[in-house]
Amino acid sequence: LVEKRLDRKVVYQGMSYQLWLDRLLLPNGVQMMREHLHHPGGVAVLAVDESGRCAMVRQYRHPIEQITLEIPAGKLDKLPHETPLHAAHRELREETGFVAEQMISLGQVYPSPGLLDEVLYLFLARGLQKDAQELDEDEFLNVFRMPLDELVDKVLAGEIPDAKTQAAALRAKLMLE
C-alpha cells in the first residue's frame, strides 16, 4: 500500500503554504506524480463555559465563499516551534477574548488527507474567564455562545459542515457524558 517518494519539488511557495509535486514509486513498480498542499498544521478549540455554552465564531471563508459557523481555530505558523497547546490558548484568546484554566486534548484530525498534509489538534477548553479579544488585522468574525447540546443537534442535522467543529463537538459531548 505504501508509495515511496523518489523526488519532491516545491512548485509554489505561498505566505503560509507550499504546493509540492512528488515523484513516487507505487507498490506495483509504476512511477507517477502526485501533488499536495503542505500546511503548517493548526488547532481548534471547543470552549465550553460553566453553563454548557460553547464559544462559537461566524466568519467568511473565501475558498467556499460562505459565512461559516465554527469553533475558534488557527494555524501553527505564528511563533517558531509553537506547541499545539500554546497555540490553542493563543487562538482562543485572540479570536474570542476567553482565557481557559484547562485545555484538554480531544485528539487530532486530518481534514483532507488526499489533498493536504494538515493536522488539526482539537482541544476542549474549560474554566473560561473573559479577557480582551485580539483579532489579526485580516480577521473579521462575530463571537457568540451556543449550548453544546444545540451545537451537537446542528452537527447531526447537517447544519454545520465544518469538519473540525463536527469532530470537536461530538468528541466533547461523549467525553462530558
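Q: Talk me through the packing of helix 2 (residues 148–156) against helix 3 (residues 163–176); I want residue IDs and the actual numbers.
A: One can describe the packing of helix 2 onto helix 3 by two numbers: an axis separation of 10 Å at closest approach and a directional angle of 130 degrees. In terms of orientation, helix 2 and helix 3 fall into the oblique class. Note on packing geometry: the crossing formed by helix 2 with helix 3 is left-handed. Contacts between helix 2 and helix 3 involve L148, D149, L151, V152, V155 and L156 from the former and T165, Q166, A169, L170, K173 and L176 from the latter. Among the residues making up the contact of helix 2 with helix 3, the classes are represented as eight nonpolar, two polar and two charged.

Q: Tell me about the nonpolar core, residues and numbers included.
A: Judged by nonpolar contacts, the single largest core of 24 residues is most densely connected at L46, C54, M56, L122 and L151. Listed by contribution, the elements that provide at least two residues to this core are strand 4 (42–47), strand 5 (53–61), strand 8 (98–109), strand 9 (120–130), strand 10 (141–147), helix 2 and helix 3. Those residues in contact with C54 that lie beyond four places of it in its chain are L46, A47, V48, F144, R145, M146, L148 and L151. Within the second largest apolar cluster, 14 residues are counted, among which are V45, L76, A100 and F123.

Q: I'd like to hear about the pattern of salt bridges, residue by residue, with values.
A: Counting across every chain of the model gives 14 salt bridges. Linking D49 and R53 is a salt bridge whose minimum nitrogen-to-oxygen distance equals 3.0 Å. In this structure, a network of salt bridges that share partners links the residues R61, E70, D162 and K164.

Q: A description of the sheet that holds strand 2 (residues 18–25) should follow, citing residues and the corresponding values.
A: Backbone hydrogen bonds hold the strands of a sheet together, and the pairing may be parallel or antiparallel. Taken in spatial order, the three strands line up as 1-2-3 in an open sheet, and their pairing is antiparallel. Pairing within the sheet leaves two strands with one partner each, and these edge strands are strand 1 (4–13) and strand 3 (31–38). The sheet shows a mean angle of 25 degrees between the axes of neighbouring strands, direction not considered. Examined bridge by bridge, strand 2 and strand 3 share eight bridges and lie antiparallel to one another. In the sheet register, D22 faces strand 3, and the bridge partner there is R34.

Rules used in this analysis
- Residues numbered from 1 in each chain as written.
- Predicted model: local features only at pLDDT ≥ 70, side-chain atom pairs only at ≥ 80, totals over all residues.
- Heavy atoms only, no water.
- Axes fitted to C-alpha atoms, helices over the stretch in contact; angles between N-to-C directions.
- Helix = DSSP H or I, 4+ residues; strand = E, 2+ residues; numbered from the N terminus.
- Parallel < 35°, antiparallel > 145°, perpendicular 65-115°, else oblique.
- Left-handed = near helix turned anticlockwise from the far one by under 90°.
- Contact = heavy atoms within 4.5 Å.
- Nonpolar A, V, L, I, M, F, W, Y, C, P; charged D, E, K, R; others polar.
- Core = buried A, V, L, I, M, F, W, Y, C linked by side-chain atoms within 4.5 Å.
- Buried < 20%, exposed > 50% of the residue type's maximum accessible area, 1.4 Å probe, protein only.
- Salt bridge = Lys/Arg side-chain N within 4 Å of Asp/Glu carboxyl O.
- Pairing = 2+ DSSP bridges.

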